[in-house]
Amino acid sequence: MKMKKEKAAKGKKAALIFVLSALASANIGVVNASDASSDQPARPEPQKKNITKFNARFLADFNNTIDLSYFEQEDSMPPGKYRVDIIVNQQRLNTFQVVFIHLNGNVVPCFPVNALLQTAVDKTKLPVNWASSECIQLADLIPGAVVNYNYDDEALYVTIPQAYLIDRPEGFIDPERWEQGINALSMNYSLNASDVHYRKVTNGKSNQYSLYGSLASTFRLGHWRFHTYDIWRGGSEYHEGFQHQLGYAERAIASLLSELSLGDITTSGETFENTSLQGVMLRSDDRMYPWTVKGYAPIIRGVANSNAIVTVKQNGSILLEKNVPPGEFNISDISALGYGGNLDVTVMESNGETQSFTVPYSSLPQLIREGYYRYSLAAGRIRDHIRREKPLLLESTLAYGLNNTVTLYGGVQTAPEKSYMAVDNGLALNTELGAFNIELTESLFNGERDSQQHNSITNNARLKMGYARRLMATNTAINIVAYAFSGRNYHSLSDALYAGYRDNRRNDYYSAGRSNHRLEANISQPLSEGWGELDFSGWWESYRGDNKKKSFASSYFLGYRNSYERVNYSFSVNRIFTRNNQANTIFYLNFSMPFGSVDRKRPKFNTMVSYSSEEARLRTGVSGSHTGEDSISNFNAYFKQSNKTLSNFDLNIGHSGNALQKSISYSQGMNYYSGAISLSGGAVVHPDGVNFSPWLSDTIALIEAPGAEGARLTSNRLAKVDSRGYALVSTVTPYEENVMTLDLKGTSASFDINENGKVTVPTAGALVKVVFPYHVNKSILSRAKWEGGGYLPFGMHIYDAANNVAGIVGQGGITLLSLPKEKGVFKVHGKKSNEEFFCEINAENISEKKDDTDRIETLICYADHKEVG
């Protein structure tokens, strides 16, 4: 925003120059009265407020030619175009280019059409063809609207009556602003090679090498994105060749807040297990919602007796403060808050009286905000790399937030060719005791051997229960999930697909047995300040095989972590019980600390020790990274020792530049040594050429800033504008405002841009093109004179063809004049004997010699539009 502030502050800088020059002129007559013109330039009349009076007697030598009123209005803007922030009802909207014009004796802003489109104003209440107005005055368009420009903040503060606003959650972005991006091809590619040499011949071989490459590409055409993923594998252990992994197309459906996918897809996995399909899927996309309503949070309801302030806190931290009018209020735009913690609500009336109440808040993934829904529809052939047959699968799921307390969800999944169907019904609750969910899934599978009780819910159902809560008194976070299976005939889809299936690599499915009951728990307990944190996680599972014999397995993990000054350390114990009645306890000790100079990026020393009844291990090493202007480098070096295997050493060095990521590694043990190299990067082929990046995400941005070679994106230091004026931003967030700002350090001194902050709202998978309008700031030092002789008055403004200030006249007519990109005519208007007159300076013949910076060119302002002499 540096350039915007420089332009918007020209009035103040001119006033400062004026004062300094006035003081100097009181003693030194730089311009004689005989040389100065008596003409007085015309100034737009600013608003009558914050007036500062200058004493013109200090300028007695050329007092009659200076109009001080232009500098006396502290809050006024000279007419022209400026980049300013627009604040609507105390919420920042964005930064826009605003035109200020001289109207009815004041300089007033024209409210931008694109800014009004981004507000929550109900456009149906506006006059017909309102957007065609050359200069929108918001107060004339919307009764009761107020627009005030704050010079110091460089912002328009706008107040719009609530009656003209549509009720939308904070952060709402109109789908009309979503950008589909440009047609382009992007690729992520990688190549890996490794070679292992054995000191002794192993399996008849003294060395082993492998090659692996991958290519993930996306072709964007209008609203569609076509994705493919392919690999190439070769080496001593593999047959060389390409393998096509997947290909699919997708696009956003804005009217449904959903995404449509075709081809090799994967089901949502929210109700049933993930399944790979060749088919079609339509599912809601939570990324399209405003950030304030993503995830679950309760609606806060209450009553205000006057204009009141509602404050919402959690664990003592303020989440939201909002002004509400008298009457009932609903606050639904609180962003998701993790697993929970009750919300403390305070309503402070205008007379100072307060009322307080608590809203229970605990969350589980199944909970949805009141009035919102989530769905998915999928159909296709099951993709399975092991099985040759590809049965048809149909699946649908739906979840709906009934109110603050209850969310209903469920779904149906069927593979008719396998005689399989599953029906799921679930209920999630947010209560004062925590968040609960209970879910019953019944499967119908005719392929089961014992099918006489096939339709009995007591023999083919699964019950799932979940609980989550954060205990406010101790700040303990608890999350528990339990599964119970009735009888022996419950089958998931994968159970049904592999029932009775065997090949050379697997035993009979039934001999392995299936889960009968399962319990999972995660508990996190922060201790007092300085005492660290305790974590517990574990699972327990019982199995029932085909011979009805039960077996059990479990794993429990207890960990403690803390830090002391610069040292981070942790200690943990993992107790494992296997299904064949074997037990093992593993102890872990980790610590790391930086070393070296405090004022530099320091490497870290890391050590990990593990001990069990089977093996004791030690791993110690050093790691570090360095971030430069154009690259990021990192290294890792480790030494490993075990009582069961021989010691070995590993070294890895990586480097990421503007276009490529590289790494090289070396390992050595008593019986082998090996080396590996890896290269990866991304490329975008667009209508204007090809650009490279070390990595590309699904949604990216192409920056076009001609003439800005060397500039960087402040949000991504590795995104650098090349000699053609392009740069790639490797990742942007879909359906949200992404601000692109150029850091002009390192660019040509003559390069300038009218706006240094651009906002883009891409759809998922888009490649949006962000163009920075620019001009090369060619300026000359000139001496401006009237046609009849004498210099233009001190402080007079010279305007270009677009009515922007191109220069301000200094003492003796000296002017630093910014030349337009296209030659034209400069305009000057003033007064002579209290009569308005105009004159023009023709820019066609102005010299632009770069090496003649000391030359002062004389420019003549002709009243009768003559050519420059």
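Just above sits the structure.
Residues numbered from 1 in each chain as written. Predicted model: local features only at pLDDT ≥ 70, side-chain atom pairs only at ≥ 80, totals over all residues. Heavy atoms only, no water.

1. Quick notes on the overall build of the chain
Here is step 1: Within the chain one finds seven helices and 53 strands.
Here is step 2: Counting over 869 residues, the chain shows a buried share of 42%.
Here is step 3: Taking as baseline every contact in the chain between residues at least 6 positions apart, the subset at least 24 positions apart corresponds to 54%.
Here is step 4: Carbon together with sulfur atoms contributes 53% to the accessible area of the chain, which is approximately 45,000 Å² in total. (Helix = DSSP H or I, 4+ residues; strand = E, 2+ residues; numbered from the N terminus. Buried < 20%, exposed > 50% of the residue type's maximum accessible area, 1.4 Å probe, protein only. Contact = heavy atoms within 4.5 Å. Areas by Shrake-Rupley, 256 points an atom, 1.4 Å probe, with all protein chains shown as cover.)

2. A closer look at the sheet that holds strand S40 (residues 716-720)
Two strands in a sheet stick together by hydrogen bonds in their backbones, pointing the same way (parallel) or opposite ways (antiparallel).
Here is step 1: If you walk across this open sheet you meet the four strands as S40-S39-S42-S44, and the pairing is antiparallel. Only two strands of the sheet have a single partner each, and these edge strands are S40 and strand S44 (757-760).
Here is step 2: Direction of pairing for strand S42 (residues 738-743) relative to S44: antiparallel, over a ladder of four bridges. In the strand pairing of S44, Val739 is matched with Val759. (Pairing = 2+ DSSP bridges.)

3. Side note on the pairing of strand S29 (residues 567-577)
Here is step 1: As paired strands, strand S28 (residues 550-564) and S29 are joined by 11 bridges and run antiparallel to one another. The partner of Tyr560 across the bridge, within S29, is Phe571.
Here is step 2: With antiparallel pairing between neighbouring strands as the criterion, S28 and S29 make up a hairpin whose turn holds two residues, including Glu565 at a positive phi of roughly 55 degrees.
Here is step 3: As paired strands, S29 and strand S30 (residues 583-594) are joined by 10 bridges and run antiparallel to one another.

4. Concerning the packing of aromatic side chains
Here is step 1: Here the structure, examined in full by the defined rule, presents 12 aromatic pairs.
Here is step 2: Their ring planes at 65 degrees and their centres at 4.8 Å tell us that Trp178 and Tyr735 sit as a pair that is edge-to-face. With Trp178 in the loop between strand S6 (155-159) and strand S7 (184-202) and Tyr735 in the loop between strand S41 (726-729) and S42, this pair connects stretches of sequence that are 557 residues apart. Across this residue pair, the class does not change: Trp178 and Tyr735 are buried.
Here is step 3: An angle of 85 degrees between the planes, with centres 5.3 Å apart, marks the rings of Tyr289 and Tyr372 as edge-to-face. Here Tyr289 is found in the loop between strand S12 (276-284) and strand S13 (300-304), whereas its partner Tyr372 is found in the loop between strand S18 (354-359) and strand S19 (373-382), with 83 residues between them in sequence.
Here is step 4: Tyr289 sits in the buried class, given a relative accessible area of 10%.
Here is step 5: Residue classification places Tyr372 among the partly exposed positions, given a relative accessible area of 24%.
Here is step 6: Aromatic rings pair up to connect Tyr82, Phe100 and Tyr149 into one cluster.
Here is step 7: Residue placement shows Arg619 over the ring face of Tyr638; its charged tip is 4.8 Å from the ring centre.
Here is step 8: Over the face of the ring belonging to Tyr791 we find Lys785, whose NZ or CZ atom lies 5.4 Å from the ring centre. (Phe/Tyr/Trp six-rings, centres within 6.5 Å; stacked < 30°, edge-to-face > 60°. Lys NZ or Arg CZ within 6 Å of the ring centre and 35° of its normal.)

No statement about biological role is implied by the geometric values presented.
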